[in-house]
Amino acid sequence: MKALVYHGPGMRAFEERPDPVMSEPTDAIVRIAHTTLCGTDLHIMQGDVPTVAPGRILGHEGVGIVEAVGASVLGFQVGDHVLVSCITSCGRCVNCKKGMPSHCQEGGGWILGNLIDGTQAERVRIPYADHSLYAIPPDVDEMTLVMLSDILPTGFECGVLSGRVKPGDTLAIVGAGPIGLAALLTAQFYSPADIFMIDVDDNRLEWARRFGATRLMNNRDGGAAERVMALTEGRGVDVAIEAIGQPASFDICQAVVAAGGHLANIGVHGKPVQLNLDKLWSHNITLTTRLVDTTSTHMLLKTVTAGRLDPRPLITHRFALNQIMQAYDTFGQAMQERALKVVISSAS
């Protein structure tokens, strides 16, 4: 089969790889219909995720059709259309049972495109298929559902839920990329009063406005934090969500979070950041970091199916699988290409 393979920082190739084979009775083989690229994939290409070894097929998002199931798989059969979760869950260990499959103790967690071969290929092996796949309802736009593999549950769980957004809150999201926009979309479940969106890309800020942000701030001049504080009369925001993974964006969150507020980190950080405890120690701040657990995926799937949440506008570019190298170039130059999410579809 053809697949996108990581060969070390800055090196990738679209090449022939052996078809995946099942190694456990709980496995399934899924033929990928649609996959996508994630900001985490760009971090991998920059060398920020050392657990990814050269030779790994990247990708942890996708929808497809089940081609084979192991003897112990009970919930799926050949021909089923499925959503692939970015998190693999055994469903049995202590962490999975307490709702934290991102730290599955039986070889799950974030392994696709990280510790095992991922979804940017014609086929993928899914361990623990019963707990790591979701049946797709009929008559649903399957390309849109790729947004449910990772970015929507990540924005919701790591940003909105960890930040404890509640009605009437003032919210600042630093980073108007796909993850920040996913947090923006799902934060509105809780009716915040004011949503600041901070970025350096006017195109992405315009998308944020369309998606419901009430205040837009281009931080090209580095003055966004001061403007947020001025507009909140020096109080700051109830919830600050970091959605980039850079020291500068984390600094903005620290500068604008109000006393008693929440700072929810989503971004993948490849470098240390400075925690300004000399200023925050007395401010009753709650700081959260986490991987997504995808425990909200069922709810989000029902919300999208019912038409209450529409992630389709997040998809700005479409490519065939044999154009995936071009897709990486486009996504890596998102500002110039005016890109949000790029979707890669198989020919068959």
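It should be noted that the structure appears before, not after, this text.
Here the structure is a predicted model, which is why all the values come from computation and not from measurement. The residue numbers shown here count from 1 along each chain, following its written sequence. The predicted origin of the model limits local features to residues at a pLDDT of at least 70 and limits the giving and counting of side-chain atom pairs to 80 or more, whereas totals for whole chains, interfaces and linings rest on all residues. In computing side-chain properties, one takes all heavy atoms of the structure into account and sets aside hydrogens as well as water.

1. Quick notes on the sheet that holds strand 12 (residues 257–265)
Then, in step 1: We treat two strands as partners when DSSP finds at least two bridges between them. Secondary structure follows DSSP: runs of H or I at least 4 residues long count as helices, runs of E at least 2 residues long count as strands, and numbering of each begins at the N terminus. A sheet is described by the order of its strands in space; here six strands give the open sequence 10-9-8-11-12-13, paired in parallel fashion. Each end of this open sheet is capped by a strand with a single partner; those strands are strand 10 (215–218) and strand 13 (286–289). Strand-to-strand twist of the sheet, defined as the mean angle between neighbouring strand axes without regard to direction, takes the value 15°.
Then, in step 2: Across four bridges, strand 12 lies against strand 13 in parallel orientation. Paired with His-262 across the two strands is Thr-286, which belongs to strand 13.
Then, in step 3: The contact definition used throughout considers only heavy atoms, calling two residues in contact when any of these lie within 4.5 Å. Each axis is a line fitted through C-alpha atoms, and for a helix only the stretch in contact is used; angles between axes span 0 to 180 degrees, taken between their N-to-C directions. Along the sheet, helix 8 (residues 224–231) makes contact with strand 9 (194–199), strand 10 and strand 11 (237–242), crossing strand 10 at roughly 150°.
Then, in step 4: Each of strand 8 (170–174), strand 9, strand 11, strand 12 and strand 13 is contacted by helix 9 (residues 247–256), which is oriented at about 155° to strand 12, the strand it contacts most.

2. Thoughts on the pattern of salt bridges
Then, in step 1: We define a salt bridge as a contact between a side-chain nitrogen of Lys or Arg and a carboxyl oxygen of Asp or Glu at a distance within 4 Å. The final tally for this structure, using the stated rule, is 18 salt bridges.
Then, in step 2: With its nearest N and O atoms 3.2 Å apart, the salt bridge here joins Lys-166 to Asp-169.
Then, in step 3: Assessed through its relative accessible area of 4%, Asp-169 is described here as buried.
Then, in step 4: Beyond isolated ion pairs, a larger network of salt bridges with shared partners links Asp-19, Arg-31, Glu-67 and Arg-123. The cut-offs for exposure are 20% and 50% of the maximum accessible area for each residue type, with area from a 1.4 Å probe on protein chains only; residues under the lower value are buried, those over the upper are exposed, and the others partly exposed.

The values are spatial; any link to function lies outside them.
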